[in-house]
Amino acid sequence: MRDTAPWAIDTFLPYMRDVVRCEQSLRELNLMWRMIEASAKMNCPVEAKTILPTMAATRAGFNRLEQELVSSLVREKVGNVLDEIGTKAQYVIDIVVRNLYERTADVGFLATDRELCAFVAGMHDDADAVRLRLRAYRSKYTVYDEIILLDTQGNVLVQIDEATPLEGSTDPLLAETLASSTYVETFRATDLRPAKKQALVYSRRMLHPDTGSPVGVLCLCFHFEEEMAGIFRSHRDAEERSNMLLLDGENRVIASADERWIPPGAIVPVNRDASARLMVYGGREYLVRTFVAEGYQGYMGPPGWQGQVMIPVDVAFRGGSTDALSALDGHVADGLLSHARSFCPPLYDIMTAADTIRRVVWNGQVMTAGQRGELLKLKTILDQISETGNRSNELFSQSIRDLYETVLASSLRDSEFVTHLLVDLLDRNLYERSDDCRWWALTPELRSALAADEKDFETMEGVTAILDYINRLYTVYTRIFVYDADGRIIASTNPLENGVSVVGTRIDPATLAGVRALRNEQQYHVTPFAPTPLYGNRPTYVYHAAIRDPDSEATVVGGIGIVFDAEPEFNAMLRGALGEKENVSALFIDRGGRIISSTDPCRPVGGQLDIDPALLKLDNGSSASRIVLHDGHYAIMGCTASNGYREFKVADGYREDVIAVVYNLFGEVREQGSARPADAVIESGIGAEGGREYASFFIDGMLFAMPADAVLEALPASEISPVSMGGREERIGVLAQQRVGESSSFVWVFDLRHLMRGKASEIGSASQVVVVRHNGQDIGLLVDELHGVPEFHAAQIVPTPFAANADGLLVKQVIQANEGRLLIQALDVAQLFACLKDPSLPTVLNLTDMQRLTGYRDAAELLGEAA
């Protein structure tokens with residue numbers, strides 16, 4: 001989302017204080033450049049002829065910035081907010097739909113329970129036993145707050161919520177359910193839940209066990225309010241600047257994270273197309289994102305339901321600050337910033353503009369270096385250019401830092417939110433597995449069959465039919481099996497594994513011991529996530545529950561095992577949370593860093609993830625994010641440790657922590673030069689009349705210089721045209737130049753770093769080509785960044801300790817700047833041209849000498865060595 005309409009810029013700008021400050025500074029600087037240009041034209045038009053085109057280019061650059069940069073900044077910020085609230089809106093509806101999908105399977109299975117059907121059909125009248133059975137179901141599937149059995153006339157036969165006793169119902173859902181061969185989903189006010197304004201009910205008809213005719217209706221009442229409160233509590237932003245909502249098909253609020261702010265029943269504006277426009281609700285303007293359900297396993301959720309997040313525009317662009325940038329290693333920060341063009345175009349625009357201004361000022365100083373006479377009139381103009389250029393640089397540096405911090409903070413928050421969602425999805429899914437195995441272990445037919453002394457073919461055939469029916473309803477399992485008290489599998493769905501039946505094989509002794517140790521029907525056993533022959537020797541979780549003798553609850557006669565289809569289910573969770581995002585991978589790992597699931601083909605299940613050990617010790621429910629180097633790329637990494645769901649992994653005695661990890665790649669790691677000297681700014685007042693001016697620049701973070709009268713100008717390195725003609729490796733291409741009063745021409749460009757260090761340069765946004773002239777010949781030298789054009793006394797320029805025998809070397813002198821605290825290496829221009837003509841001449845100091853030259857603490861130490 002980066003399509004903010006032009007008219008919308010003025011709408012959003014007043015709410016972005018940092019962008020307003022940037023716009024005001026741009027206007028002030030633009031005015032300053034116009035005044036300088038006008039002053040030069042009026043006071044010294046002839047002398048200023050050489051720099052007027054440069055100044056015009058500067059003014060044009062600021063015009064472009066005023067028109068485009070502020071708009072880009074606004075679009076980026078609005079886009080970041082819409083992306084962030086959009087992610088949350090989508091997750092609201094996705095979590096709800098995934099949860100309710102399980103309810104459709106629950107009602108389908110429970111409505112066929114033979115004991116319940118027999119009671120509703122009037123085959124027995126033990127209501128207390130049926131109520132006890134329904135409560136046993138509720139004690140496992142705690143998402144329900146009421147379960148009701150009704151006959152075909154709407155009379156209530158049994159219910160488990162004694163706080164709201166019912167005699168009967170006239171709700172039309174009963175007739176609809178009796179006429180349907182599948183479940184019926186109802187969300188509205190109903191006399192089945194008279195104490196609630198609206199209720200979510202899953203109903204299904206029940207059939208006579210013998211005749212198959214409809215005899216009644218089962219209603220599972222979902223605890224909707226509690227569930228939505230949990231979702232909002234878990235995923236709403238901590239600062240509560242936005243509100244999360246669930247809407248129906250008429251855009252009416254059916255659940256709100258803050259009901260005092262936006263109450264249920266309110267009709268709100270929606271934004272399904274992610275447009276960058278403000279919407280009004282209750283007299284306040286909002287940014288809004290709305291998502292309809294994408295569906296899960298073919299289930300689309302209740303008709304028309306939508307997830308939505310609304311954030312008031314007056315707080316949308318506040319907060320969210322981090323110290324991510326200051327905490328970064330300098331090399332990593334610079335390397336990541338070099339990819340700004342791909343991950344944040346406005347940031348790249350600011351950097352490009354900053355480099356343009358620096359180059360303009362540098363060129364202006366170079367053009368008048370060493371000039372005397374009438375050109376002295378330009379000194380005041382040049383001083384103004386330098387001062388204004390410094391102010392421009394300060395503005396750009398702050399703008400770059402602010403926007404860089406904003407982009408990183410947004411990405412870091414997003415990575416944490418995605419991983420928080422992933423562990424939530426995982427725990428919610430596995431919660432259902434713990435419910436299923438415990439409830440199915442209570443199936444009367446299974447209990448009777450395993451308690452029988454003789455397990456004949458007909459009995460086992462009936463057991464297998466029950467398991468097959470369950471497995472057809474619950475497709476997240478590849479196999480459901482039962483085993484006797486000795487651990488021998490006696491029945492299984494999908495019995496063949498690699499052509500051999502699992503029936504007759506035994507579960508491992510440790511698992512059998514764990515199942516036999518279960519003290520009651522509420523407990524269950526889960527195998528560690530490891531390869532198992534029951535899943536084709538692939539790793540998964542197998543959930544087990546004890547099957548008990550129907551006449552003696554203390555006697556374990558066997559167990560039931562359900563094999564979770566971990567590979568596609570976990571992978572679907574990971575990919576579903578990532579959506580269409582590019583260059584993003586996600587993993588589930590355990591506390592030891594072992595991979596449980598992965599979207600990264602280079603990191604298969606069972607492998608080990610190389611991750612900071614401290615992150616493996618995150619507290620449950622805690623998240624962390626940071627910038628890391630991952631597979632040769634700069635990456636935003638986020639992770640969250642699981643925290644369980646409802647009683648699952650919280651109060652049921654089972655602990656199996658999982659950590660979700662997400663990597664968002666921002667670009668390949670680029671070799672960065674050494675950090676710049678902290679005092680690379682040349683102190684004023686050290687120059688003097690009769691001194692010599694030097695054009696300075698950076699290579700590998702070190703400061704170099706050459707006489708300014710040998711330099712023509714600097715041009716952007718992005719304009720280099722590569723040429724494949726063989727020859728020296730240092731020659732990297734040609735560059736067109738067009739100077740006032742001269743015809744257009746081309747110069748060869750040489751990589752100065754390659755010449756001096758033997759290593760090729762990485763061309764970045766700050767890279768420049770310095771055009772040098774000697775004896776009528778011009779060449780271009782690729783440098784990392786421009787510095788300045790300071791003036792130095794002759795006494796500040798001293799020979800290196802190796803100057804006496806430095807034939808062929810490019811650095812024979814150093815300049816003492818800032819009272820000797822900063823040493824600048826001076827290039828010998830004549831020697832440079834000679835070396836380019838004769839490749840046999842050395843250009844690089846040997847390693848020991850280079851270390852000695854760059855390792856001096858101050859000029860006094862160097863001069864002592866030279867003496």
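Predicted model, so just to flag it, every value in this text is computed and none were measured.

Q: Talk me through the pairing of strand S19 (residues 552-564); I want residue IDs and the actual numbers.
A: Where strand S11 (residues 477-484) and S19 come together, seven bridges link them in antiparallel fashion. Along S19, the bridge assignment pairs Asp484 with Gly558.

Q: How would you summarise empty space enclosed by the protein if you had to cite specific residues and measurements?
A: If a probe as big as a water molecule is rolled over the atoms, it shows which places are left empty. Tallying each qualifying case throughout the model produces five cavities of 30 Å³ or more. Its volume calculated, the largest cavity comes out at about 130 Å³. As for the largest cavity, its lining consists of Ile95, Arg98, Asn99, Glu102, Tyr296, Leu425, Arg428, Asn429, Glu432 and Tyr645. Broken down by secondary-structure element, the contributors of at least two residues to the lining of the largest cavity are helix H3 (52-110) and helix H13 (378-440).

Q: Can you lay out unusual backbone geometry for me, pointing to particular residues and giving the numbers?
A: Within the chain, Asn251 stands out as a residue other than glycine whose phi angle is a positive 65 degrees. Inspection of the secondary structure puts Asn251 in the loop between strand S6 (243-247) and strand S7 (253-256). One non-glycine residue, Lys649, lies in the positive phi region at around 65 degrees. As for its placement among the helices and strands, Lys649 is situated in the loop between strand S23 (633-641) and strand S24 (658-668). Given a relative accessible area of 6%, Lys649 falls into the buried group.

Q: I'd like to hear about the state of the cysteines, residue by residue, with values.
A: With the rule as written, the count across this model stands at zero disulfides. Of all cysteine sulfurs, the one in Cys219 lies closest to Cys221, which takes part in no disulfide; the gap is 6.1 Å. Since its relative accessible area comes to 1%, Cys221 is described here as buried.

Q: Break down the pattern of salt bridges for me, with residues and values.
A: Applying the stated rule across the entire model yields 49 salt bridges. Among the ionic contacts, a cluster of salt bridges with common partners joins Asp145, Glu146, Asp161, Arg193, Lys196 and Glu225.

Q: For the packing of aromatic side chains, give the residues involved together with the corresponding values.
A: Within this structure, the stated rule accounts for 29 aromatic pairs. Note on Trp440 and Tyr474: the rings are 4.9 Å apart at their centroids and 75 degrees apart in plane angle, and the pair reads as edge-to-face. Taken together, the positions of Trp440 in helix H13 and Tyr474 in the loop between helix H15 (457-473) and S11 put the pair 34 residues apart, joining distant regions of the chain. Of the two residues, Trp440 and Tyr474, neither departs from the other in class, the shared state being buried. Pairwise contacts between aromatic rings join Phe109, Trp440, Tyr469, Tyr474 and Tyr477 into one cluster. Seen from the ring of Tyr535, Arg538 lies directly overhead, with NZ or CZ sitting 3.8 Å from the centre. The positively charged end of Arg731 is found above the aromatic ring belonging to Trp748, 4.2 Å away from the centroid.

Q: Give me the nonpolar core: which residues, what numbers.
A: Within the largest apolar cluster, 168 residues are counted, with the highest numbers of intra-cluster contacts made by Leu287 and Phe570. Within the second largest apolar cluster, 32 residues are counted, among which are Phe697, Val711, Leu752 and Leu832.

Scoring rules and cut-offs
- Residues numbered from 1 in each chain as written.
- Predicted model: local features only at pLDDT ≥ 70, side-chain atom pairs only at ≥ 80, totals over all residues.
- Heavy atoms only, no water.
- Pairing = 2+ DSSP bridges.
- Helix = DSSP H or I, 4+ residues; strand = E, 2+ residues; numbered from the N terminus.
- 1 Å grid on protein atoms, 1.4 Å probe; cavity = no way out; pocket = protein on both sides within 12 Å on 5 of 7 lines; lining within 4 Å.
- Points joined across faces, edges and corners; volume = space filled by probe spheres on them.
- Buried < 20%, exposed > 50% of the residue type's maximum accessible area, 1.4 Å probe, protein only.
- Disulfide = S-S within 2.5 Å.
- Salt bridge = Lys/Arg side-chain N within 4 Å of Asp/Glu carboxyl O.
- Phe/Tyr/Trp six-rings, centres within 6.5 Å; stacked < 30°, edge-to-face > 60°.
- Lys NZ or Arg CZ within 6 Å of the ring centre and 35° of its normal.
- Core = buried A, V, L, I, M, F, W, Y, C linked by side-chain atoms within 4.5 Å.

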